[in-house]
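In case you want the letters, here they are:
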Amino acid sequence: MSILYWLVLPGGFFTWQSSPDAPTGILANEEYVGAWMSESVDKGRPVTQILIVSDTYFTIASFLTKDHHFLSTSGGTYKMEDGKMSVTIEYHSPDHYQVGKQHVLHAKPTETGYKLVARDGMVLGDWKRIDPGSKSKMAGLWYAAAYRNAAGDTIRTDYKVKTIKILSDTRFQWVAFDTISRKFMATAGGTYSVTQAGYE
């Protein structure tokens, strides 16, 4: 059963709907669900990557560690089986021709988490867990279903523009992309908390 909630933003509200195939009970991929961090150096610049994983979906955002300058993001659906992560790309900011392509990654345990390794042996990050992603009621994958403006009018979101939000226990990322042209449009992310006053 899907769940709806309103998110207040300047000038209006967004209605977010949980994934129609959102799992209930014990998560099939509980070992991997949550937020993960990988740090590297690119052209002499420290780079941070944040990976957020729900039971069926993942997002990766890369940015410069020092000033949080955005570099890239990608994400899509995945399945785990025997340490193999089979992914299908749904959006890819550097190259929209990657959308729809499938890849198999190997999740190899390390002392601090997992190392993702592609078929050709390329290491795609040494990931350390930064939260479990299964304690917050908000954790999971959400879709923007409608928008309510300041006048109180409810407007359904554009069918060709898909806006998602994925949350772990403490981290979030929202992404908008065009499902027709397959082009990435916008993203933002960071940390959040849920208090009695609401979602912050």
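That block above? That's the structure.
Only a predicted model underlies this, so the values are computations on that prediction, with no experimental measurement involved.

Basis of the calculations
Residues numbered from 1 in each chain as written. Predicted model: local features only at pLDDT ≥ 70, side-chain atom pairs only at ≥ 80, totals over all residues. Heavy atoms only, no water. Helix = DSSP H or I, 4+ residues; strand = E, 2+ residues; numbered from the N terminus. Salt bridge = Lys/Arg side-chain N within 4 Å of Asp/Glu carboxyl O. Buried < 20%, exposed > 50% of the residue type's maximum accessible area, 1.4 Å probe, protein only.

The next thing to look at is unusual backbone geometry. The backbone of K43 shows a phi angle near 55°, a positive value even though the residue is not glycine. Tracing the backbone shows K43 in the loop between β3 (34-42) and β4 (45-53). A positive phi is found at H68, a non-glycine position, where the angle reads about 60°. For H68, the location among the structural elements is in the loop between β5 (57-64) and β6 (70-81).

A few words now on the pattern of salt bridges. Two side chains that carry opposite charge are able to pair once their charged atoms sit near each other. Applying the stated criterion across every chain yields a total of three salt bridges. A salt bridge links D42 to R45; the nearest nitrogen and oxygen atoms lie 3.6 Å apart. The class of D42 is partly exposed, set by a relative accessible area of 33%. For K160, the salt bridge is made with D178, and the minimal N-O distance between the two is 3.8 Å. Taken together, the positions of K160 in the loop between β12 (154-156) and β13 (161-167) and D178 in strand β14 (residues 171-178) put the pair 18 residues apart, joining distant regions of the chain. Look at K160 and you get partly exposed, because its relative accessible area is 30%.

Remember that the coordinates give geometry; whether it matters functionally is a separate question.
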